[in-house]
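# Examining the three-dimensional arrangement
What follows is the residue order along each chain.
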Protein chains: 2
Amino acid sequence: MEHQEIMTTYLATFIRQLSAMGVRHAVVSPGSRSTPIAMLLAEHPNFQIYIDIDERSAAFFALGMAKEMRKPVVLLCTSGTAAANYFPAVAEANISRVPLIVLTADRPHELRNVGAPQAIDQIRLYGPHAKWFEEMPLPEAGGEVLQFVRQTATRAVVTAVQQPAGPVHLNFPLREPLVPVLDPPPFACKEENQAIGSAIGKLELGGGEIQKIAAAIRPKERGLIICGTIDEPGFPEAVLTLSEKTGYPILADPLSQLRSGKHGKERIIENYDSLLKDPKWAGYLAPDVVIRFGAMPVSKSLTLLLKKLETVDHFVVDGGNGWRDPVKRGTTAVYCDEIAFCNKLASAVSMDSHSSWFTMWHTLNERARSIVEIAMETEKGLDEGKTVTELAKLLPDGSTLFVGNSMPIRDVDTFFQVNSKNIRILANRGANGIDGVVSSAAGVSASVGKAYLLIGDLSFFHDLNGLLMAKMHKLNLCVILINNNGGGIFSFLPQANEPKNFERLFGTPTGLEFEYAVKMYGGRYVKPRDWKEFRGALSGYENGLQVIEVQTDRAKNVENHRRMWMQVSREMETYFQGENQ
Amino acid sequence: MEHQEIMTTYLATFIRQLSAMGVRHAVVSPGSRSTPIAMLLAEHPNFQIYIDIDERSAAFFALGMAKEMRKPVVLLCTSGTAAANYFPAVAEANISRVPLIVLTADRPHELRNVGAPQAIDQIRLYGPHAKWFEEMPLPEAGGEVLQFVRQTATRAVVTAVQQPAGPVHLNFPLREPLVPVLDPPPFACKEENQAIGSAIGKLELGGGEIQKIAAAIRPKERGLIICGTIDEPGFPEAVLTLSEKTGYPILADPLSQLRSGKHGKERIIENYDSLLKDPKWAGYLAPDVVIRFGAMPVSKSLTLLLKKLETVDHFVVDGGNGWRDPVKRGTTAVYCDEIAFCNKLASAVSMDSHSSWFTMWHTLNERARSIVEIAMETEKGLDEGKTVTELAKLLPDGSTLFVGNSMPIRDVDTFFQVNSKNIRILANRGANGIDGVVSSAAGVSASVGKAYLLIGDLSFFHDLNGLLMAKMHKLNLCVILINNNGGGIFSFLPQANEPKNFERLFGTPTGLEFEYAVKMYGGRYVKPRDWKEFRGALSGYENGLQVIEVQTDRAKNVENHRRMWMQVSREMETYFQGENQ
């Protein structure tokens, strides 16, 4: 067989097996060395290909798709720094447990480390940030090599999706000529070899372990169920059952998917960040037991409360094999599928579902909610918090909202109240970078059909290139851009008290008029002057790329937030004075 | 001492020592964990700070500055994916031997790998792509720790600049509170401890080694001196002396800095790529000995010629400790400073400086040059090759031209003829990526005062964010943007013969109207309709950001190139037929 035939068979075997494992999407960046893989992916009837010129954007796009679908997406690029551009998204996918299958084309061994062009050392390129790395053999025709290729494709998918899910990296050395043989069509006839399948179990605790946990929590009224980022169908129902049976309220991060949805909301506490802001009341709100699911919630005041709980039973439940306890107050590391854990523990206990502890949290949460609502109703000017309450009201049922890091996710945490719509909220909360957010949202839009993105101006700038995907692939993406001309979060940090160099080092106003960028990418641009125009733009959105730029003021934003938190604190004073009388 | 005082003393000691080692420039991206280093760098009177919001762009900006100055530049970013964004530029700097000092702030050990926000594993983050990695200790006040900090700052600079120069990476774990103590001013009084200095030697061959090489080349008339990327003051004079004394013509890549400058050009061959395109004449042009300096030249036809030289003495001279022989025809790996090597070998030989071999190369080169010149003069439409010949004519004496990868550098290789102006040509020819080129050129402009950039549309798009640096730091950058709406280089590759999926996978037309982007970044945009307008825009350029977009056609470009190479081949036929009669 000729080189090109051997290469074609080898790569087609790999791609066919990816398809047999159910992989359907590939994000491909143009390049020379990756030519045969790109051409064969495009040739395969099952693969949908997205072309992205900027590899950094491509990787975040794939991350968004994979996060939305909870299924692995293939990434493909050429050799050299192209592959290094994937690094931020690979690191993020690794921590936020998103399955990616990264394929990098490489120069063959004789062209490595000898000064050949477009060659960097790609062996273990992402270090410990990829769950698994495999240096593929040069294309060969032998049956054992082909079976290895089949195995490796299977194992790549299995490793990427197994909890904790994450990115895997396969490096393919390829020799010229790089054009595959497309006649006869490589995927026309069924392969004679059987595809390799998989069956993946979940971690489950035995009855004895569950009974021990049940015995530990049973005497404790003051318990909290805390849900950080967790996006598993069936989890809301399971954790609500656990809450019913224990009487513990659920502190629900916006990324827990518990604040929206068709399930009941009476046991969901969403205003804990505001309630815990003033440390004066922490004593009243401190639990005797904590059951925590998912990644650490966004809320800093919750983190501070948890840190204080030095002698409290604190179960960190993880269906993957992670270690997610930055507050270092976990007393039992529980490795069990979250849904199975909730159901089994709920069966093992039966406590007062409306204890006074529960009632306190419920009442305070409702009062905080109405303070937020009244504050937002009376707010007439364009404001970051109100943008979120308006979004919650106006987003259509069934929407997907992607949220940027830094201020937007915190604003969503503070202002996004429970509601009965299905609104799925996603964000890159692995490493919490402001990078790659536009591309991730574009990826979400590509897989789900339409997405909304709430993002700040620095993060929007950082990943402006992501908008090209909206243009090239005709995606439906509505961006709500909070433009406070710089890094708003730093105004909440101690360096804000050091005016010298503050704007230069932290405020970093860019003064960019994003209207130009939106036009370049063929989008509609709206800059509402008031809430009426904002509502019109948001409600009127149907499809394509639209950017609604909400101009706000960093200083006023800090003031508004702090005023509201003060109101909540006063309300709590009233409540607890009543209690103490 | 309090934590903040200890941290301030520790970091100020480090920064003071960087300054003592002559480092003057830092590119800083805003972030929280890096707060104390950023604030102290801004506080130090010797440091010039450039703020860049996008870390990928920041790293390429620093790379451009460091390349231009041949001096190390500091990079600083916060923890998390921010640091991963540096990876492409770090990989490029490593191969292209550019000194960078990468400082990443990190969470302290107790917040690593425990699910804390903005924390990724930063230990050896860049793997073998950083020349040196050091995990810094947590800030401490002890004299030994401070002396270690001084040593490490010194060693970072020394390691970065020592040949082969490259990036070093120091990771700083820092605890809150992160604001340093600025009162009393940390750099107001002279430090009592003496700074640590350095003295760095160069590799030099002994007389015996030089004599052996002289003896090997002395009997050989048909020798070639080949200069790839090499940017060392004094090298042009040294290599010209060697050429004089050996009679060997110099094949000079555009990045050898030999095609421009005040030195004589009669021994410089710049049209070898065209001369070697038609393999029919390779036999006449094949040397008996090769002396090669710098990285492999851009020219593919030269690479192919070298590959054929199986039994020819081939000296690969490297002042660093690299291995730059992708053609694998090197017969002696010579580790010696290039200037010292030229001078010593020139003293050891004295051969016919105008042999018939030299005359042949000289004559053919002049003929090729006039074919290029005539072809470009008769070309009336906007054309990629002619853009380069026009640039060579119009760039003012003393200009610096940054050249993008893929087609632009190849066009410069083919069309940029020798001239007597001082025009320094720079490019990212380590891994030859199309990424980071705008930012690199902006960095060059920042250090030299003004720069020109020749770039293709995909590469321009890839790093559009780099233009923000031009806006924020009021840089003088004139971009000559060749827009053929997609990846022009693929039209020269075999896949161009497979029309199915070609445009989608390789052509990748974006259809972007870059005028919008230029306006957003506050630049002047010109789209000349003809050469008169092009000349007007280029000659009229004075300062600020200006983008001259030259719209060309990919198909026509391939045609024009091939026609010209055919003419050169015909000219050679005439020449060699004359010879053979």
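In this text the structure is predicted, and so the values were computed from the model without any measurement.

### Let's talk about the overall build of chain A
For chain A, the count of helices and strands is 22 helices and 18 strands. Rg of the C-alpha trace for chain A: 26 Å, near the compact-globule value of 25 Å for 581 residues, within the 12% margin. Its C-alpha atoms put chain A at 90 × 60 × 45 Å along the principal axes. Here chain A, with 581 residues, has 65% of them falling under the buried criterion. Of all intrachain contacts in chain A linking residues separated by at least 6 positions in sequence, the fraction that spans at least 24 positions is 78%. Accessible area for chain A stands at about 19900 Å²; split by element, carbon and sulfur atoms hold 50% of it. Computing the positive centroid from 61 side-chain charges and the negative centroid from 65, chain A places the two 3 Å apart.

### A closer look at the nonpolar core
Of all hydrophobic cores here, the largest spans 127 residues; its most connected members are Phe460(A) and Phe460(B). For Phe460(A), the contacting residues outside a window of four places in its chain are Val438(A), Ile455(A), Leu467(A), Val479(A), Leu481(A), Phe514(A) and Val547(A).

### As for the pairing of strand S18 (residues 545-551) of chain A
Residue and element names in this part refer to chain A. Of all the 7 residues making up S18, 6 are buried; the element is thus mostly covered by neighbouring parts of the structure. Relative to S18, strand S16 (residues 477-483) runs parallel, the two sharing 7 bridges. Bridge pairing in S18 links Leu481 to Glu549. Here strand S17 (residues 524-526) pairs with S18 via 3 bridges, running parallel. Note that in S18 the partner of Val526 across the bridge is Ile548. As for the winding sense of the linkage, the β-α-β connection from S17 through helix H21 (residues 531-540) to S18 is right-handed.

### Quick word on the interface of chain A and chain B
Taken together, the contact pairs 81 residues of chain A with 80 residues of chain B. It is Phe461(A), Leu505(A) and Met520(A) that lose the most area in chain A upon contact with chain B, and together they represent 9% of the buried surface on that side. Its salt-bridge partner being Asp54(B), residue Arg56(A) comes within 2.8 Å of it at the nearest N-O pair. Our count for the contact surface shared by chain A and chain B stands at 28 residue pairs in polar contact (both at pLDDT 80 or more). Along the lines of polarity and charge, the residues of the side of chain A that touches chain B split into 43 nonpolar, 18 polar and 20 charged.

### Describing the pattern of salt bridges
Oppositely charged side chains are able to pair whenever their charged atoms sit close together. Enumeration over the complete set of coordinates arrives at 60 salt bridges over all chains. Between Lys500(B) and Glu43(A) there is a salt bridge, with the nearest N and O atoms lying 2.6 Å from each other. Taken together, the positions of Lys500(B) in the loop between strand S16 (477-483) and helix H19 (502-507) and Glu43(A) in helix H2 (residues 35-43) put the pair across two chains. Glu43(A) gets classed as buried once you look at its relative accessible area, which sits at 17%. In this structure, Lys344(A) engages Glu204(A) in a salt bridge whose closest nitrogen and oxygen atoms are separated by 3.0 Å. Note that Lys344(A) is positioned in helix H12 (residues 338-348) and Glu204(A) in the loop between strand S6 (167-173) and helix H7 (207-217), a separation of 140 residues in sequence. For Glu204(A), a relative accessible area of 49% translates into the label partly exposed.

### Some words on the packing of helix H14 (residues 384-394) of chain A against H21(A)
All names here are of chain A. Between H14 and H21, the shortest axis-to-axis distance is 11 Å and the interhelical angle comes to 40 degrees. Put simply, H14 runs oblique to H21. The element H14 and its partner H21 pack so that their crossing is right-handed. Between H14 and H21, the residues in contact are Lys386, Thr387, Glu390, Leu391 and Leu394 and Trp531, Phe534, Arg535, Leu538 and Ser539, respectively.

### Quick word on the packing of aromatic side chains
This model, assessed by the stated rule, comprises 33 aromatic pairs over all chains. When the ring of Tyr10(A) is compared with that of Phe172(A), the centres are 6.5 Å apart and the planes differ by 90 degrees; the resulting orientation is edge-to-face. Here Tyr10(A) is found in helix H1 (residues 3-20), whereas its partner Phe172(A) is found in strand S6, with 162 residues between them in sequence. In terms of burial, Tyr10(A) and Phe172(A) fall into one category: buried. Taking the centre distance of 5.9 Å and the plane angle of 35 degrees together, the rings of Phe502(B) and Phe506(B) count as tilted. Pair noted here: Phe502(B) and Phe506(B) are both in helix H19, with a separation of 4 residues, about one helical turn. Phe506(B) shares its class with Phe502(B); the two are buried. One aromatic cluster is present, formed by Phe87(A), Tyr126(A), Phe87(B) and Tyr126(B) through successive ring pairs. One residue, Arg267(A), lies across the ring of Phe358(A), its end atom 4.1 Å from the ring centre.

### As for the UniProt feature "domain: Thiamine pyrophosphate enzyme TPP-binding" (unreviewed entry) in chain A
In the numbering adopted here, UniProt assigns the feature "domain: Thiamine pyrophosphate enzyme TPP-binding" (unreviewed entry) to residues 438-538 of chain A. When the span residues 438-538 of chain A is considered, its composition is 44% helix and 16% strand, and the gap between its end C-alpha atoms is 18 Å.

### Quick notes on the sheet that holds strand S15 (residues 451-456) of chain A
All names here are of chain A. Read across the open sheet, the 6 strands follow the order S14-S13-S15-S16-S18-S17; overall the sheet is parallel. If you trace the sheet from one side to the other, it starts and ends with strand S14 (423-427) and S17, each paired once. Each strand of the sheet is rotated relative to its neighbour by a mean of 20 degrees, with strand direction disregarded. Seen against the sheet, helix H3 (residues 55-69) touches strand S13 (399-403) and S14 and runs at an angle of roughly 140 degrees to S14.

### Some words on the UniProt feature "domain: Menaquinone biosynthesis protein MenD middle" (unreviewed entry) in chain A
UniProt's feature table lists "domain: Menaquinone biosynthesis protein MenD middle" (unreviewed entry) at residues 220-403 of chain A, given in the numbering used throughout. Across residues 220-403 of chain A, helical content stands at 40% and strand content at 16%; the span's end C-alpha atoms are separated by 36 Å.

### Things to note about the relation of the copies chain A and chain B
Relative to chain B, chain A is turned by 180 degrees and slid 0.0 Å along the rotation axis, the superposed coordinates differing by an RMSD of 0.0 Å. Both copies are brought into coincidence by an operation consistent with a two-fold rotation axis. The C-alpha atom lying nearest the rotation axis in chain A is that of Tyr516(A); the distance is 2.5 Å. The residues that chain A uses at the interface reappear at the interface of chain B in 99% of cases, marking a shared surface.

### Concerning helix H3 (residues 55-69) of chain B
A turn of α-helix holds 3.6 residues, and therefore any two residues three or four places apart point the same way. Residue and element names in this part refer to chain B. For H3, built from 15 residues, the straight-helix expectation of 21 Å at 1.5 Å per residue is met to within 8% by its first-to-last C-alpha distance of 21 Å. Across the 15 residues of H3, 15 count as buried, placing the element largely inside the fold. Directly after H3, the chain includes Arg70, whose backbone phi takes a positive value near 60 degrees.

### A look at a positive patch on the surface
Residues and elements named next belong to chain A. Together, Lys300, Lys307, Lys328 and Arg410 give the surface a local cluster of positive charge. With respect to the helices and strands, Arg410 occurs in helix H15 (residues 407-415). For Arg410, a relative accessible area of 32% translates into the label partly exposed.

### Some details on the sheet that holds strand S18 (residues 545-551) of chain B
Residue and element names in this part refer to chain B. One open sheet accounts for 6 strands, arranged S14-S13-S15-S16-S18-S17; its pairing is parallel. Strands with a single pairing partner mark the edges of an open sheet, and in this sheet they are strand S14 (423-427) and strand S17 (524-526). With strand direction ignored, the average angle separating the axes of adjacent strands in the sheet is 20 degrees. Inspection of the sheet shows strand S13 (residues 399-403) paired to strand S15 (residues 451-456) by 3 bridges, in the parallel sense. The residue of S15 that forms the bridge with Leu401 is Tyr452. Helix H16 (residues 437-448) contacts S13, S14, S15 and S16 of the sheet and is inclined by roughly 170 degrees relative to S15.

What counts as what
Residues numbered from 1 in each chain as written. Chains lettered and ligands numbered in written order. Predicted model: local features only at pLDDT ≥ 70, side-chain atom pairs only at ≥ 80, totals over all residues. Heavy atoms only, no water. Helix = DSSP H or I, 4+ residues; strand = E, 2+ residues; numbered from the N terminus. Rg over C-alpha atoms; globule rule 2.2 N^0.38 Å. Buried < 20%, exposed > 50% of the residue type's maximum accessible area, 1.4 Å probe, protein only. Contact = heavy atoms within 4.5 Å. Areas by Shrake-Rupley, 256 points an atom, 1.4 Å probe, with all protein chains shown as cover. Lys, Arg positive; Asp, Glu negative; His and termini not counted. Charge placed at Lys NZ, Arg CZ, Asp CG, Glu CD. Core = buried A, V, L, I, M, F, W, Y, C linked by side-chain atoms within 4.5 Å. Pairing = 2+ DSSP bridges. Right-handed = clockwise from strand over helix to strand, strands pointing away. Buried area = accessible area lost by both parts, 1.4 Å probe. Salt bridge = Lys/Arg side-chain N within 4 Å of Asp/Glu carboxyl O. Polar contact = N/O pair within 3.5 Å; in protein donor to acceptor, adjacent residues only side chain to side chain. Nonpolar A, V, L, I, M, F, W, Y, C, P; charged D, E, K, R; others polar. Axes fitted to C-alpha atoms, helices over the stretch in contact; angles between N-to-C directions. Parallel < 35°, antiparallel > 145°, perpendicular 65-115°, else oblique. Left-handed = near helix turned anticlockwise from the far one by under 90°. Phe/Tyr/Trp six-rings, centres within 6.5 Å; stacked < 30°, edge-to-face > 60°. Lys NZ or Arg CZ within 6 Å of the ring centre and 35° of its normal. UniProt positions renumbered as here; feature names shortened; annotations may be inferred. Least-squares fit on C-alpha atoms with pLDDT ≥ 70 in both. Expected span 1.5 Å × (residues − 1). Patch = residues over 30% accessible without salt bridge, like charges linked within 9 Å, V, L, I, M, F, W, Y side chains within 5 Å.

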